[in-house]
Amino acid sequence: MSAPTELVKGNAVVLILSVLAREPMHGYRIVRELDRLSEGYFSMAEGTLYPHLHQMEKDGFIEGYWETVSGGRERKCYRITERGMSELARRREELHEFHSRVNRVLSVIPEAR
Amino acid sequence: MDFLSEVEKKLDLPPAEKAQVMRELRSHYEELRSAMIASGVEAAQADQEAARKLGDPADVAFRLQSVHCRATWKTALLTALPLAAMLIVSLAKFPLMQIIWGAHAQRSAVYEYQTYVLIATAVLGVIFLTGSIRELMRNRRPMWLATWLAVGVRELVRAGHRLQELTNWIEGQRMPQVGIFPSVVFQILVVGLLAMAMFRRSAKWFLILGGWTLLTEVIYIAAPWASLNTGWFLAFLLLVPAPLVMAVALGLFARHPYGNTASASLFLFALYVSVSSFSMRDSHWVLPLANVLPPIVIVMTVLAYARSSTWRRKLAILAAGIVVAGMADLVIVISGYLAVHTAFMLFWVILVPMLFERRWSGRRPELAR
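Residues numbered from 1 in each chain as written. Chains lettered and ligands numbered in written order. Predicted model: local features only at pLDDT ≥ 70, side-chain atom pairs only at ≥ 80, totals over all residues.

Draft legend 1. Here's a closer look at the overall build of chain A. Scanning chain A from terminus to terminus reveals five helices and three strands. Reading chain A from its N terminus to its C terminus gives the helix and strand order α-α-β-α-α-β-β-α. The C-alpha atoms of chain A give a radius of gyration of 17 Å, which is well past the 13 Å a tight globule of 113 residues would have. Projecting the C-alpha coordinates of chain A onto the three principal axes gives extents of approximately 60 × 30 × 20 Å. (Helix = DSSP H or I, 4+ residues; strand = E, 2+ residues; numbered from the N terminus. Rg over C-alpha atoms; globule rule 2.2 N^0.38 Å.)

Pasting the structure below:
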């Protein structure tokens with residue numbers, strides 16, 4: 001089972017920031033981590049990750065740098081910034097609030113017989 | 001064509017920026033492919049699977065293009081071209097001819113002037129509108145489409161007015177204002193129908209726009225134009241059909257999957273920028289200046305818009321361009337109309353599309369989709 005595309009798209013920033021808050025990563029690994037942590041629920045077309053990453057870089061939430069790994073292969077890694085950390089805290093708070101309200105509303109639905 | 005070459009083909013970015021984006025995508029693609037080969041998948045199949053996992057190249061390219069919105073110099077020049085063409089026509093028209101022939105032009109000179117403007121505007125209109133229709137039919141929204149479409153429509157409308165003015169001059173009438181009403185009534189009908197077509201899926205907006213079209217037509221047919229002074233006449237001409245034009249701009253650019261609000265603003269900017277010809281006076285140095293200085297500001301604004309790298313900056317540049325061009329206009333020719341026009345532009349070109357974006361789409365206006 002995977003999440004609806006619109007839901008992933010709408011929450012991409014908070015999901016990416018959450019993963020990057022643990023350690024700096026490159027795009028390929030971000031996708032793998034999201035996939036692993038969500039047990040395949042947050043799967044996305046991997047190319048669409050980059051517009052999000054680049055927009056977040058422009059917004060100052062993350063910063064990118066190039067590194068060379070074994071075999072001479074180059075990859076661009078991203079690390080979260082101070083601004084990104086506060087954005088993550090703000091969005092996490094927002095999501096918690098939203099979920100608790102949704103759950104409260106859903107809890108009044110009578111059990112199906 | 002494989003994923004990477006297709007994205008590369010569709011990305012229209014300055015070379016250095018494009019190279020960085022492609023380098024990163026290529027790195028992801030190669031890592032994906034290597035991982036699959038390491039897990040026992042054959043090379044050819046790994047290529048296909050990697051491309052599939054990366055998604056639709058057109059979609060990825062469009063999203064990247066939206067984030068990296070800085071155009072190449074080629075696209076920037078293409079975007080500014082229609083306004084530069086207007087500047088060239090402006091350079092050669094009335095003020096210079098008036099200087100050559102003296103402040104009080106003879107009837108033949110006026111006739112030649114009118115003919116020149118008619119032909120120049122009609123040619124510009126046809127060129128830019130044809131180019132725009134081609135892109136619209138292919139369902140594409142390149143950055144330059146906004147200015148090409150706006151100038152194409154605007155110049156053809158002006159050519160229509162000039163044709164009627166010319167007819168009036170030939171018939172010996174000096175006041176051409178009344179002569180433009182039939183064409184204005186027709187234009188509003190066309191714009192109104194277009195606006196209604198854009199919002200046909202929303203019954204509420206369809207009816208509002210239909211009602212506004214009808215109201216506008218009634219105002220234009222029934223208003224006591226002869227008793228109005230030029231200021232009121234111009235204000236009516238500008239303000240009454242404005243909501244219909246806004247609906248078309250939003251429908252064409254802001255609500256289109258490959259468009260955005262900043263392009264709708266650019267379209268409105270190119271459509272409404274002042275050409276100063278309304279406020280000319282019989283002073284030899286003022287006339288050329290009034291025709292050249294604001295259009296230069298406008299061309300520079302569009303170039304700066306195209307070359308700026310965020311949507312927020314693009315809107316700020318348009319706002320600055322409106323203020324500077326308006327001030328240049330006002331310094332040269334003191335006119336209440338120009339002050340109203342500048343205020344209208346700031347509100348209508350910048351604020352309203354941003355409010356639309358926030359109110360109806362629920363997106364941050366400066367963010368690409």
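Draft legend 2. Up close: the overall build of chain B. Within chain B, the regular secondary structure consists of 16 helices and zero strands. A burial count over chain B gives 36% of its 369 residues as buried. Residue pairs in contact within chain B that sit at least 24 positions apart in sequence constitute 72% of those at least 6 positions apart. (Buried ≥ 20, exposed ≤ 12 C-beta atoms within 10 Å, placed from the backbone. Contact = placed C-beta atoms within 7 Å.)

Draft legend 3. Highlighting the interface of chain A and chain B. Contact with chain A, which involves 15 residues of that partner, is made by 19 residues of chain B. Breaking the side of chain A that touches chain B down by element, the ones donating at least two residues are helix H3 (27-37), helix H4 (49-59) and strand S3 (74-80) of chain A. Counting residues per element, the side of chain A that touches chain B draws most heavily on H4 of chain A, at five residues.

Draft legend 4. Region of interest: unusual backbone geometry. Unusually for a residue other than glycine, Glu-39 of chain A sits at a positive phi of about 50 degrees. Following the sequence through the fold, Glu-39 of chain A ends up in the loop between H3 and H4. Overall, Glu-39 of chain A belongs to the exposed group, with 8 C-beta atoms counted inside 10 Å. Residue Asn-139 of chain B is not a glycine yet carries a positive backbone phi of 60 degrees.

Draft legend 5. Seen up close, the pairing of strand S2 (residues 62-68) of chain A. Residues and elements named next belong to chain A. Pairing of S2 with S3 involves seven bridges; the strand directions are antiparallel. The residue of S3 that forms the bridge with Thr-68 is Glu-74. What sits between S2 and S3 in their antiparallel hairpin is a turn of five residues, with Gly-71 showing a positive phi close to 90 degrees. (Pairing = 2+ DSSP bridges.)

Draft legend 6. Molecular detail of the domain arrangement of chain B. Here chain B is partitioned into domain 1 (3-61) and domain 2 (69-361). Each side of the interface is counted separately: domain 1 of chain B has four residues, and domain 2 of chain B has four residues. (Domains from an automatic or database assignment.)

Draft legend 7. Representation of the environment of His-28 of chain B. Looking at the element boundaries, His-28 of chain B is found in helix H2 (residues 15-38). Placed 26 residues apart in sequence, His-28 of chain B and Leu-54 of chain B show a C-alpha to C-alpha distance of 8.8 Å.

Draft legend 8. Region of interest: the packing of helix H2 (residues 12-22) of chain A against H3 of chain A. Residue and element names in this part refer to chain A. Their axes nearest at 10 Å, the elements H2 and H3 cross at an angle of 100 degrees. If you check the angle between H2 and H3, you find them roughly perpendicular. In contact with Leu-15, Ile-16 and Val-19 of H2, H3 contributes Ile-30, Glu-33 and Leu-34. Its residues assigned to classes, the contact of H2 with H3 shows five nonpolar, no polar and one charged. (Axes fitted to C-alpha atoms, helices over the stretch in contact; angles between N-to-C directions. Parallel < 35°, antiparallel > 145°, perpendicular 65-115°, else oblique. Nonpolar A, V, L, I, M, F, W, Y, C, P; charged D, E, K, R; others polar.)

Draft legend 9. Seen up close, helix H12 (residues 242-254) of chain B. Here H12 of chain B lies mainly inside the structure; 10 of its 13 residues are buried. Of the positions making up H12 of chain B, those classed as buried are Leu-244, Val-245, Ala-247, Val-248, Ala-249, Leu-250, Gly-251, Leu-252, Phe-253 and Ala-254 of chain B.

Draft legend 10. Looking closely at the pairing of S3 of chain A. Note: strand S1 (residues 25-26) of chain A against S3 of chain A, two bridges, orientation antiparallel. Across the sheet, His-26 of chain A pairs through a bridge with Cys-77 of chain A, a residue of S3 of chain A.

Draft legend 11. Inspection of the confidence of the model for chain A at higher detail. Mean pLDDT for chain A: 88, with 92% of residues reaching 70 or above. Per-element confidence in chain A is highest for S1 of chain A, whose mean pLDDT is 95, and lowest for helix H1 (residues 5-10) of chain A, whose mean pLDDT is 70. (pLDDT = per-residue confidence, 0-100.)

Draft legend 12. Examining the sheet that holds S2 of chain A more closely. In space, the three strands of this open sheet follow the order S1-S3-S2 (chain A), with antiparallel pairing throughout. Because the sheet does not close on itself, it has two edges, and the strands there are S1 and S2 of chain A.

Draft legend 13. Geometry of the packing of H2 of chain A against H4 of chain A. Residues and elements named next belong to chain A. The interhelical angle for the contact between H2 and H4, taken along N-to-C directions, is 80 degrees, at an axis separation of 10 Å. Taken as axis vectors, H2 and H4 run roughly perpendicular relative to one another. On the side of H2, the interface is formed by Ala-12, Val-13 and Ile-16, while H4 contributes His-52, Leu-53 and Met-56.

Draft legend 14. Spatial organisation of the confidence of the model for chain B. All names here are of chain B. Residues with a pLDDT of 70 or more make up 80% of chain B, whose mean pLDDT is 82. pLDDT under 50 marks residues 276-282. Its contacts with residues more than four places away, or in other chains, come to 16 contacts. Under the prediction, the complex receives an ipTM of 0.87, its pTM being 0.80.

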